[in-house]
Amino acid sequence: MNRIYENYLKKHFCDEQQMILLSGPRQVGKTTSSRDALPGSKYLNWDVPEDRTSILKGPKHLYETLGLNVLSEKKACIVFDEIHKFPKWKNFLKGFYDLYGKKLSICVTGSARLSAYRYGGDSLMGRYFPLRMHPLSVREVVFPELPDTVIVNPVTIPDTTYNNLFEFGGFPDPYIKSNKRFYNRWRRLRLELLFKEDLRDLTHISDAARVRTLADMLTDRAGSQINYSHLAHDLQVSVDTVRRWIDTLEEMYYCFRIRPYSKKIARSLLREPKIYLWDWSLVKDPGARFENFAASHLLKYVHYLTDTGFGSFELHYLRDKQKREVDFAVIRDDIPWFVAEAKISRQSISPSLHYFKEILQCPNAFQITKNIPYVNKDCFKETGPVIVPDKTFFSQLV
């Protein structure tokens, strides 16, 4: 199936020279999208012994071995997959790009440790653009075209398509199949690979069993604030250990944290983040799953807009000392843009939504509600807090 990321990669390599560092969860479609975007590309996977040997022999040997020095009508393309497992991967890419970057389109794909370029000195500065790949979303499954504005018009999505996305998650294989027995086998295998191979290959953690237990505990707490002390007590480890393990689960794209927004909220004292899963289908409670579904769509939205140059976007939640709370706040270039609540059933608009919209002076406030009919109208034109059908709201993201 066509992905928005594939379309973006095609446009980027047509217009720009920089490498793309494409990161995201295991089995989200990184390799497929990168290879489809760069037809005829040379593909090397660090996990393949022959490819690993070629990479270790250095940029010049690799360039000649792959025949990239042969005159061609088309610009040569190369995809490096899982190269982040090579301890000196950044130095290798720097040398390869400096030698051949003007002659090649280069895409680097991988999971956890691609985020390492953000820490410490960055030898790749100016040579790459990051692109974070997310699971499928409402708009992408029905209209995977590149948006040219931050706000797009809504599009309709069939009920069956939407329900399959909500039930089976946004990872391509189980969504496309939409078969319960296939999904059960796929989910079991993916989690086994995540907590055996990835945990072993990418970390020094020896207690994989308790990390898996922690992951199960976080699944039951999706949409809730993290209490590190309670988790540490239940696991019989220190608070610092729990924090490190959750950092690891984030690096492995099992979960993500949303932190409270405190600017302009004098009474906001709560510091604990809220936890969500990259695969919302793992969340059993319908209300918690819907909130996770909303969080995943909004995180994809802010990541895409930031990575593709529309501005600097962040996702937070709101809560003050009086326990007034709103699920989400999207910050655009350091200014609150809109606040949103996720509700599984139709209710009167939350007083907290009114309160925080006024305090933060947001242009928009939405109560995203499941199981109400789609409305073909731009909800961002509504200035007051408004109840918005989930299909309408999510179809206006990416």
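Described below are features of the structure shown in this document.

1. Observations regarding the sheet that holds strand 6 (residues 255–260)
Pairing is mixed across the open sheet formed by seven strands, whose spatial order is 7-6-8-9-10-11-12. Since the sheet does not close on itself, it has two edges, and those belong to strand 7 (274–277) and strand 12 (386–389), each with one partner. In this sheet, adjacent strand axes meet at a mean angle of 35° when their direction is disregarded. In the sheet, strand 11 (residues 364–369) pairs with strand 12 via four bridges, with the strands oriented parallel. Within strand 12, the position partnered with Phe 366 by the bridge is Val 386.

2. Considerations on the packing of helix 1 (residues 4–15) against helix 13 (residues 286–307)
The N-to-C vectors of helix 1 and helix 13 enclose an angle of 5°; their axes lie 13 Å apart at closest approach. The orientation of helix 1 with respect to helix 13, classified from their angle, is roughly parallel. Residues Ile 4, Tyr 5 and Tyr 8 of helix 1 form the contact with helix 13, whose participating residues are Lys 300, Tyr 304 and Asp 307. Counted by class, the contact of helix 1 with helix 13 contains four nonpolar, no polar and two charged residues.

3. Quick notes on empty space enclosed by the protein
In this structure the tally under the stated criterion is one cavity of 30 Å³ or more. In terms of residue count, the dominant contributor to the lining of the largest cavity is helix 13 (four residues). Residues belonging to the lining of the largest cavity are distributed by class as follows: six nonpolar, four polar and one charged.

4. A few points about helix 14 (residues 351–360)
Ser 352, Leu 353, Phe 356, Lys 357 and Leu 360 are the residues of helix 14 that are buried. Seen along its axis, helix 14 keeps its buried residues to an arc of 130°; they face one direction. Counted as exposed and oriented over 90 degrees from the buried face of helix 14: Pro 351 and Glu 358. The secondary structure elements touched by the buried residues of helix 14 are strand 8 (313–319), strand 9 (325–332), strand 10 (335–343) and strand 11. Regarding helix 14, its N-cap is Ser 350, as a side-chain oxygen of that residue lies 3.2 Å from the backbone nitrogen of Ser 352 further along.

5. Notes on the nonpolar core
In this structure, Phe 293, Phe 328, Phe 338, Phe 366, Phe 393 and Phe 394 are the most contacted members of the largest nonpolar core, which totals 61 residues. When residues in this core are grouped by element, the largest group, 10 residues, is from helix 13. By size, the runner-up hydrophobic cluster in this structure holds 30 residues, among which are Leu 191, Leu 231, Trp 245 and Leu 249.

6. Quick look at helix 3 (residues 49–56)
Among all positions in helix 3, only Asp 51, Ser 54 and Ile 55 are buried. Looking down the long axis of helix 3, one finds its buried residues gathered within 100° of arc, a one-sided arrangement. Relative to its buried face, helix 3 has exposed residues pointing more than 90 degrees away, namely Glu 50 and Leu 56. As for helix 3, its buried residues are in contact with strand 2 (42–45), helix 4 (59–65), strand 3 (76–81) and helix 5 (89–100). Looking one or two residues beyond helix 3, the residue adopting positive phi is Gly 58, at roughly 105°.

7. Brief notes about the sheet that holds strand 3
An order of 2-3-4-1-5 is seen for the five strands of this open sheet, with the pairing classed as parallel. Either end of the sheet is taken by a strand with one partner, and the two such strands are strand 2 and strand 5 (128–132). Averaged over neighbouring strand pairs, the angle between their axes works out to 20° when direction is ignored. As judged from the five bridges shared by strand 1 (residues 19–23) and strand 5, these two strands associate in the parallel manner. Considered in strand 5, the bridge of Leu 22 is made with Leu 131. In the packing of helix 1 onto the sheet, contacts are made with strand 1, strand 4 (104–110) and strand 5, and the angle to strand 1 comes to roughly 165°.

8. As for the pairing of strand 7
By the alternation rule, side chains of strand 7 split into Lys 274 and Tyr 276 and Ile 275 and Leu 277, which are all buried. Across four bridges, the pairing between strand 6 and strand 7 is antiparallel. Residue Ile 258 lies in a different strand from strand 7, and its bridge partner there is Lys 274.

9. A few points about the pattern of salt bridges
A side chain with one charge can pair with a side chain of the opposite charge if their charged atoms come near. Inspection of every chain in the model, using the stated rule, returns 24 salt bridges. As a salt-bridge pair, Asp 247 and Arg 257 come within 2.4 Å of each other at their nearest N and O atoms. Linking Asp 247 in helix 12 (residues 239–251) with Arg 257 in strand 6, this pair joins segments that are 10 residues apart in sequence. Owing to a relative accessible area of 37%, Asp 247 belongs among the partly exposed residues under this scheme. Between Asp 327 and Lys 274 there is a salt bridge, with its nearest N and O atoms 3.7 Å apart. Of this pair, Asp 327 sits in strand 9 while Lys 274 is found in strand 7, placing the two residues 53 residues apart along the sequence. An identical accessibility class is assigned to Asp 327 and Lys 274; each is buried. Counted as one network, the salt bridges with shared partners bring together Lys 274, Glu 291, Arg 319, Glu 325 and Asp 327.

10. Topic: the packing of aromatic side chains
Under the counting rule described, the total for this entry stands at 32 aromatic pairs. Seen from their ring centres, Phe 166 and Phe 293 are 5.3 Å apart, and the 80° between their planes marks the pair as edge-to-face. Taken together, the residues Phe 166 in helix 7 (residues 159–168) and Phe 293 in helix 13 connect sequence positions 127 residues apart. Centroid distance Phe 338 to Phe 366: 5.5 Å. Interplanar angle 65°. Geometry classified as edge-to-face. Residue Phe 338 is located in strand 10, and its partner Phe 366 is located in strand 11; the two are separated by 28 residues in the primary sequence. A single burial state applies to Phe 338 and to Phe 366, both of which are buried. Directly above the aromatic system of Phe 166 lies the positively charged group of Arg 289, at a separation of 5.7 Å from the ring centroid. The ring centre of Trp 337 lies 5.2 Å from the NZ or CZ of Arg 332, which sits over that ring.

What counts, and at which threshold
- Residues numbered from 1 in each chain as written.
- Predicted model: local features only at pLDDT ≥ 70, side-chain atom pairs only at ≥ 80, totals over all residues.
- Heavy atoms only, no water.
- Pairing = 2+ DSSP bridges.
- Helix = DSSP H or I, 4+ residues; strand = E, 2+ residues; numbered from the N terminus.
- Axes fitted to C-alpha atoms, helices over the stretch in contact; angles between N-to-C directions.
- Parallel < 35°, antiparallel > 145°, perpendicular 65-115°, else oblique.
- Contact = heavy atoms within 4.5 Å.
- Nonpolar A, V, L, I, M, F, W, Y, C, P; charged D, E, K, R; others polar.
- 1 Å grid on protein atoms, 1.4 Å probe; cavity = no way out; pocket = protein on both sides within 12 Å on 5 of 7 lines; lining within 4 Å.
- Points joined across faces, edges and corners; volume = space filled by probe spheres on them.
- Buried < 20%, exposed > 50% of the residue type's maximum accessible area, 1.4 Å probe, protein only.
- Arc of directions from axis to C-beta.
- Polar contact = N/O pair within 3.5 Å; in protein donor to acceptor, adjacent residues only side chain to side chain.
- Core = buried A, V, L, I, M, F, W, Y, C linked by side-chain atoms within 4.5 Å.
- Salt bridge = Lys/Arg side-chain N within 4 Å of Asp/Glu carboxyl O.
- Phe/Tyr/Trp six-rings, centres within 6.5 Å; stacked < 30°, edge-to-face > 60°.
- Lys NZ or Arg CZ within 6 Å of the ring centre and 35° of its normal.

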